Amino acid sequence: MMNGYEKHELDEDSFGPKSGGIVAAFDAFPKAKPQYIEHTAGGGKWTVAMSILSIILLWSEIGRWWRGTEMHTFAVEKGVSHELDINLDIVVKMKCDDIHINVQDAAGDRILAAQKLSRDPTVWTHWVDGKGMHKLGRDTHGRLITGEGYTTIGHDEGFGEEHIHDIVALGRKKARWGKTPRLWGATPDSCRIYGTLELNKVQGDFHITARGHGYMEFGEHLDHTAFNFSHIISELSFGPFLPSLVNPLDQTVNTAPANFHKFQYFMSIVPTAYSVGHPDERGSVSIRTNQYAVTEQSQEINDRVIPGIFFKYDIEPILLNIVEDRDSLFVFFIKLVNVLSGALVAGHWGFRLSDWMNEVWGRRRRSGPSQGMLGGGSGNGKGGFDD
């Protein structure tokens, strides 16, 4: 007798899927009928956790792909160039007629920059308020200004400039100089000097001095009491005019406590190329510009030294290549599949391990100290044997 089981004709085929022919023998994903699958609370928790983790990892990978990777490399600059543009926007707290602007380079050329730059009378208070008075290298919060353009990073150093594709996109647009604020009846006490100068690509000295001081020339010397070389630098860059790039001297304010005061800025210029995609690849977009490092010295001088603002620049014989690159869509898709697969496999093994640990722990709790029929040891004749 089989207690009626033979009537149901139960066999192993009833617990599995229907036969699918020869191809089904190669199925690497065995399946079970829904009635033989058990849903547990632990499995549901692991599923929710792995879903959240997978979304976070996928979002992180998408963001990493969108930002791309930046590579900074140095190389010897190829080719020979002869010109170098300097873009200047500075306000000096003196009248425009009392200021002389000149450039003297290592080639011996003297350029009368005042004839090529625009000069507009303006008012000092239109450009600086009480909170905007900060020295070179410090912002209103006292953090170092390194020229990297960061605004939200809490530390002093670091690369925080916009993404390369943003810089290239903004750099390809035509830039214009902003207009000088209207006087509205106020008496001008300062001079705004702005524009682009074409210089020789050699070491040089760009300086702003007072009328009748610095060079032998005809005319009346400016009275010493009119000297005031306090200045605001809104833009100082080399190469194409790209206002979107932040330079070390941008938004610098320096005040002169005395009439005879000398400001000196020593700049080391590095030619720089920003590229989206490798420059040798088809479809890459790039712009050429220059970056520079700067050191400032300012001091009060005697009447035998020429006061003014002096920018001394030198050009390094190297080229800095900053390339932004990202994977192709196919490679990006493969990475997404790898990330998702790794998360699912890790979740599966984590669930199996936790389920096994719960089972072992449950067995230990159920199996406590017990005695069988032969282990009673009592001498009352009910639970043991007497000699």
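A separate point is the overall build of the protein. A tally of regular secondary structure across the protein gives four helices and 13 strands. Looking at the protein as a whole, 33% of its 387 residues qualify as buried. Residue pairs in contact within the protein that sit at least 24 positions apart in sequence constitute 78% of those at least 6 positions apart. Accessible surface for the protein amounts to roughly 25,700 Å². Of this, 57% is attributable to carbon and sulfur atoms.

With that settled, consider the side chain of threonine 122. By the element assignment, threonine 122 lies in strand S5 (residues 118–122). Engagement of the side chain of threonine 122 in a polar contact is seen with the side chain of tryptophan 127, the distance being 2.9 Å. Not counting residues up to four positions away in its chain, the partners in contact with threonine 122 are Val91, Trp127, Thr180, Leu183, Pro188, Asp189, Ser190, Cys191 and Arg192.

Here the focus is the sheet that holds S5. Paired through backbone hydrogen bonds, the strands of a sheet run either parallel or antiparallel to each other. With antiparallel pairing, five strands are arranged side by side in an open sheet as S5-S6-S2-S8-S9. A strand with exactly one partner marks an edge of an open sheet, and here the two such strands are S5 and strand S9 (252–254). Recorded for the sheet is a direction-independent mean angle of 20 degrees between the axes of neighbouring strands. The sheet contact formed by strand S2 (residues 83–92) and strand S6 (residues 190–200) spans ten bridges and is antiparallel. Counted as the bridge partner of leucine 84 is leucine 199 from S6.

Before going further, it helps to examine the pairing of strand S3 (residues 99–105). The buried count for S3 comes to five of seven residues, which makes it a mostly enclosed element. As paired elements, S3 and strand S7 (residues 204–210) share seven bridges and run antiparallel to each other. The partner of glutamine 104 across the bridge, within S7, is aspartate 205. In textbook terms, the turn of a hairpin is the stretch between consecutive antiparallel strands, and for S3 and strand S4 (residues 110–111) this stretch comprises four residues, one of which, glycine 108, has a positive phi near 90 degrees.

Considered for burial, the residues of helix H3 (residues 164–171) that qualify are Ile164, His165, Ile167, Val168 and Gly171. Projected onto a plane normal to the axis of H3, the buried residues spread over an arc of 160 degrees and lie on a single side.

Before going further, it helps to spend a moment on the packing of aromatic side chains. Here the structure, examined in full by the defined rule, presents nine aromatic pairs. Here the aromatic rings of tryptophan 177 and phenylalanine 241 are separated by 4.1 Å at their centres, their planes lie at 10 degrees, and the arrangement is stacked. With tryptophan 177 in the loop between H3 and S6 and phenylalanine 241 in the loop between strand S8 (231–238) and S9, this pair connects stretches of sequence that are 64 residues apart. Residue class for tryptophan 177 comes out partly exposed when judged on its relative accessible area of 24%. The interplanar angle of 50 degrees and the centroid separation of 6.1 Å between the aromatic rings of phenylalanine 227 and phenylalanine 229 together place this pair among those described as tilted. These aromatic residues form a ring-pair network of at least three members: Trp177, Tyr194 and Phe241. Lysine 262 extends its terminal NZ or CZ atom over the ring of phenylalanine 310, reaching a point 5.0 Å from the ring centre.

Our focus in this paragraph is a nonpolar patch on the surface. Judged by side-chain polarity, Phe330, Val331, Phe333, Ile334 and Val337 come together as a nonpolar surface patch covering roughly 460 Å² of accessible area. Within the secondary structure, isoleucine 334 is located in helix H4 (residues 329–366).

Before going further, it helps to spend a moment on the nonpolar core. Formed by 39 residues in total, the largest nonpolar core has its most connected members in Ile90, Ile193, Phe206, Ile208, Leu236, Ile309 and Phe311. Secondary structure elements with two or more residues in this core: S2, S3, S6, S7, S8, strand S10 (261–276) and strand S12 (308–315). A per-element tally of this core places S2 first, with five residues. Once residues lying within four places of it in the same chain are set aside, the contact partners of phenylalanine 206 are Leu88, Ile101, Asn102, Val103, Ala113, Leu117, Leu197, Ile309, Phe310, Phe311 and Tyr313. Counting ten residues, the second-largest nonpolar core is a separate cluster that includes Val168, Tyr274, Ile287 and Leu320.

Mean pLDDT over the protein stands at 76; residues scoring 70 or higher make up 73%. Looking across the protein, the model is least confident in helix H1 (residues 5–8), with a mean pLDDT of 50, and most confident in S12, with 93. Counting contacts from residues 132–161, a segment whose pLDDT is below 50, to residues more than four positions away or on other chains yields 57 contacts. Taken as a whole, residues 381–387 scores under 50 in pLDDT and shows seven contacts with residues more than four places along the chain or in a different chain.

The rules we used
Residues numbered from 1 in each chain as written. Predicted model: local features only at pLDDT ≥ 70, side-chain atom pairs only at ≥ 80, totals over all residues. Heavy atoms only, no water. Helix = DSSP H or I, 4+ residues; strand = E, 2+ residues; numbered from the N terminus. Buried < 20%, exposed > 50% of the residue type's maximum accessible area, 1.4 Å probe, protein only. Contact = heavy atoms within 4.5 Å. Areas by Shrake-Rupley, 256 points an atom, 1.4 Å probe, with all protein chains shown as cover. Polar contact = N/O pair within 3.5 Å; in protein donor to acceptor, adjacent residues only side chain to side chain. Pairing = 2+ DSSP bridges. Axes fitted to C-alpha atoms, helices over the stretch in contact; angles between N-to-C directions. Arc of directions from axis to C-beta. Phe/Tyr/Trp six-rings, centres within 6.5 Å; stacked < 30°, edge-to-face > 60°. Lys NZ or Arg CZ within 6 Å of the ring centre and 35° of its normal. Patch = residues over 30% accessible without salt bridge, like charges linked within 9 Å, V, L, I, M, F, W, Y side chains within 5 Å. Salt bridge = Lys/Arg side-chain N within 4 Å of Asp/Glu carboxyl O. Core = buried A, V, L, I, M, F, W, Y, C linked by side-chain atoms within 4.5 Å. pLDDT = per-residue confidence, 0-100.

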